[in-house]
Amino acid sequence: MCGIVGYLGYRQAAEVCMEGLLRLEYRGYDSFGIATVSPEITLFKETGKISAAKDSIHLNGTCGIGHTRWATHGVPSKTNAHPFTDCTGKLAVVHNGIIENYAQLKRELEERGHTFVSETDTEVIPHLIEEQYAGNLCEAVAKILPLLEGAYAILVITEDTQEIVAARKGSPLVLGIGDNEYIFASDGLPILDYTRRVIYLEDGDLADVTPAGYTIYHGAEVVERKTAVLEWDAADIRKGGFAHYMLKEMYEQPEVFSNTASSIAENPSLLCRLRDARSITIVACGTSANAATVFAYLMETVCGIPTRVVLASEFKYYPTPKNDVVIAVSQSGETADTIAALKIAKEKGAKTFCLTNVLGSSLTRTAETTFYTRAGPEVSVAATKSFTAQVAAFMEMVNIISGGKLTEDIAEIQRYLPEVLEYDVDAAVELVKDAATLLYVGRGLSYPIALEGALKMKEISYIHAEGYAAGELKHGPFALLSESTPVVAVCLSGITYPVMMSNLKEMKARCAPEIVLGNAGDLDAEEIADVFIPLPKVSEIAGSILASVVLQMLAYKTAVSLGTDVDMPRNLAKSVTVE
Ligand code: M6R
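Rules of the game
Residues numbered from 1 in each chain as written. Predicted model: local features only at pLDDT ≥ 70, side-chain atom pairs only at ≥ 80, totals over all residues. Heavy atoms only, no water. Near = heavy atom within 4 Å. Polar contact = N/O pair within 3.5 Å; in protein donor to acceptor, adjacent residues only side chain to side chain. Helix = DSSP H or I, 4+ residues; strand = E, 2+ residues; numbered from the N terminus. Nonpolar A, V, L, I, M, F, W, Y, C, P; charged D, E, K, R; others polar. Domains from an automatic or database assignment. Buried < 20%, exposed > 50% of the residue type's maximum accessible area, 1.4 Å probe, protein only. Arc of directions from axis to C-beta. Contact = heavy atoms within 4.5 Å. Pairing = 2+ DSSP bridges. Axes fitted to C-alpha atoms, helices over the stretch in contact; angles between N-to-C directions. Phe/Tyr/Trp six-rings, centres within 6.5 Å; stacked < 30°, edge-to-face > 60°. Lys NZ or Arg CZ within 6 Å of the ring centre and 35° of its normal. Expected span 1.5 Å × (residues − 1). Core = buried A, V, L, I, M, F, W, Y, C linked by side-chain atoms within 4.5 Å.

(A) Representation of the site of the ligand within the structure. Inspection of the region around the ligand gives 15 residues, with S288, S330, S332, T335 and E459 positioned closest. Between an oxygen atom of the ligand and a main-chain N or O atom of Q331, the distance comes to 2.7 Å. Between the ligand and V381, the relevant distance is 2.9 Å, taken from a nitrogen atom to a main-chain nitrogen or oxygen of the residue. For the shell around the ligand, the elements supplying multiple residues, two or more each, are helix 9 (286-303) and helix 15 (446-461). Grouping the constituent residues of the shell around the ligand by class yields six nonpolar, seven polar and two charged. Counting contributing residues per domain, the shell around the ligand is built from domain 2 (239-405) and domain 3 (422-579), each supplying no fewer than three.

Okay, here's the thing in structure tokens:
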């Protein structure tokens, strides 16, 4: 979703902002813009990719702000791109979030003579500031913030001073503190090239940065915020010779799995809490919800603790059991639905935890206790290594709580992950790439793996794919089966095997071409499959997790063969910061 960057220092601000926006590209955007103070406010706005317009940006000045826009109010266009100015053109604003009462504010401003050029909610902000501005930018911004309903991270500049005023409520904003330079950004990635010292602004904070230093206000008070150190490396956010970030991130999974699994024991008191829980609810979206479903299955079957997954966007419509433990799972830690769900859980008196990949993210401020996955920055919109890291964290939690019942499974995953990344899936790609619909099926632990495989396929290849519990197909989806509806099945030795084999036969009888991920040496499964992908002979639990990596590769190679934008699929954003 939208990303913002601001720079004040001694470098060319437009260059820093542009490089920063490129670092935020992964969040998803359809247009972008930069404004600098040079000495008047000068703007550049464009639709499409930043790289295509890079050479046309000629803005001077050492103070500037930039923005990537993911359209919510108004179509993607130059006119709707940020930054926005007031009537005088002396102020410029970038904004991440949604101003919910903008329509009312806009009507009132128009009545008072302001004219608007865009369809956006954001444009009310510079006009409101203009009305209050009498030479002190920070004061003017402070006065208008109470008028804004909704979520925002905003940066404001004026041509009168070398200064950036920033405010945060509900949308992330980080301030990087370098030597005689400051960088604001939506996350730490644009900051890494300049400094590792950062402050994560809190909701309600207002920061005033000038060449003389920075001051942070919270209401009328000046507050000290702790500085943190960015842990990630600038090298982690480069492609490192891979064709796509997604491929690079998939190849990081063996390391990520081990790093995350080995870090879980560092929080013994939290593990005790989970062990003693009467019931556990997990709230999450998308891939994180699929990883949560893996956890729920393991927690219930291995530890006997009732565990349910509620999609974060639905959580508000459900009752929260008394004394429930609620865990929010989110790679980014910025997913609006997940944050909202955890806040509700907290209000209702639940014990709240989160599992996230991003240090200092908004979710960590809401949860009472945080577990981190050790996946490193994930740039590709398609979540791959973060899923595997979440699974590693959850498996290790279950392992510790159960007194070591998953030790073997974890070891098998660690042993075979590098191998399955090298599997040849080309025949499977040939079978699916021209299909209009794909069905992914599994049972038990392979069911969430089927959901995740289908999600990956649809988001990057744009082929319609649905995941089902294999037993559900007969209750409706069977009507879709034909020779042109390939089925991708995870069919592993273990408790689900006999019925999965029956299901494969039933689907075959309806002429559906079958890609089967089974155990090497399983001649029955191999015989029925049109394409058989032999997984190592490991436990059903380990095999399911290894299958998820093969399904990532199938989605990746299919998307590459179809020529889609693998790392930044259409219409999607990496951090979904609106509900
Ligand atoms: O950052 P989060 O884990 O909270 O993100 C949740 C979903 O938006 C995310 O997993 C999404 O489904 C992925 N792009 C799927 O690959």
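Next comes the rest of the write-up.
(B) View of unusual backbone geometry. With an omega of -15°, the peptide bond running from S38 to P39 counts as cis. Mapped onto the fold, P39 is located in the loop between strand 2 (31-37) and strand 3 (41-47). For the bond from H82 to P83, the omega torsion is -5°, close enough to zero to count as cis. Position of P83 relative to the elements: it lies in the loop between strand 4 (63-69) and strand 5 (84-85). For Y462, which is not a glycine, the phi torsion comes out positive at approximately 70°. By relative accessible area, Y462 is classed as partly exposed at 26%. In this structure, N571 is a non-glycine residue whose phi angle is positive, near 65°.

(C) A look at helix 5 (residues 137-144). Within helix 5 the residues assigned to the buried category are L137, C138, A140, V141 and I144. Summarising the axial view, the buried residues of helix 5 lie within an arc of 165°, below the 170-degree limit, and thus occupy one face. In this fold, the buried residues of helix 5 make contact with strand 6 (91-99), helix 4 (124-132), strand 7 (150-158), strand 8 (164-169), strand 12 (205-210) and strand 13 (213-218). Its side-chain oxygen at 3.2 Å from the backbone nitrogen of C138, N136 defines the N-terminal cap of helix 5.

(D) Summary view of the environment of P211. Secondary-structure assignment places P211 in the loop between strand 12 and strand 13. Sequence-distant contacts of P211, defined by excluding residues within four places in its chain, comprise L8 and Q162.

(E) Focus on the sheet that holds strand 15 (residues 228-229). Read from one edge to the other, the open sheet built from eight strands follows the order 3-2-4-1-10-9-11-15, with strand pairing classed as antiparallel. Pairing within the sheet leaves two strands with one partner each, and these edge strands are strand 3 and strand 15. Bridging between strand 2 and strand 3 involves seven bridges; their strand directions are antiparallel. Bridge pairing in strand 3 places F32 opposite E46. Packed on one face of the sheet, helix 1 (residues 13-24) meets strand 1 (3-8), strand 2 and strand 4 and runs near 155° to strand 1.

(F) How the structure looks around the packing of aromatic side chains. One pass over the full model with this rule turns up four aromatic pairs. Relative to Y214, the ring of Y182 lies with its centre 6.1 Å away and its plane at 70°, an arrangement referred to as edge-to-face. Here the residue Y182 occupies a position in strand 10 (residues 182-185), and Y214 occupies one in strand 13, the gap between them amounting to 32 residues. The residue whose ring lies beneath K45 is F84, and the NZ or CZ to ring-centre distance is 4.4 Å. Directly above the ring of Y462 sits R570, whose terminal nitrogen or CZ lies 3.9 Å from the centroid.

(G) Spotlight on helix 10 (residues 336-347). Between the first and last C-alpha of helix 10 there are 17 Å, a value that for twelve residues agrees with the 16 Å anticipated at 1.5 Å per step. What helix 10 keeps buried is the set A336, D337, T338, I339, A340, A341, L342 and A345. The inward-facing, buried residues of helix 10 contact strand 16 (280-284), strand 18 (325-330), strand 19 (351-356) and helix 11 (362-366). Just downstream of helix 10, G349 is the residue with a positive phi angle, here 90°.

(H) Expanded view of the side chain of T158. Its place among the elements puts T158 in strand 7. Polar contacts involving the side chain of T158 include one to the main-chain carbonyl oxygen of K90, which spans 3.4 Å. Among the polar contacts listed, one links the side chain of T158 to the backbone nitrogen of D160, at a separation of 3.1 Å.

(I) Spotlight on the nonpolar core. Grouped together as the largest cluster of nonpolar side chains are 84 residues, with contacts concentrated most on I280, M395 and Y440. The element contributing the most residues to this core is helix 18 (residues 540-562), with 13 residues. Looking at this core, you find at least three residues from each of domain 2 (239-405) and domain 3 (422-579). Once residues within four sequence positions are removed from consideration, M395 is found in contact with F257, L298, L406, D409, I410, I413, I541 and I545. Membership of the second largest hydrophobic core comes to 31 residues, among which are L21, I57, A185 and L189.

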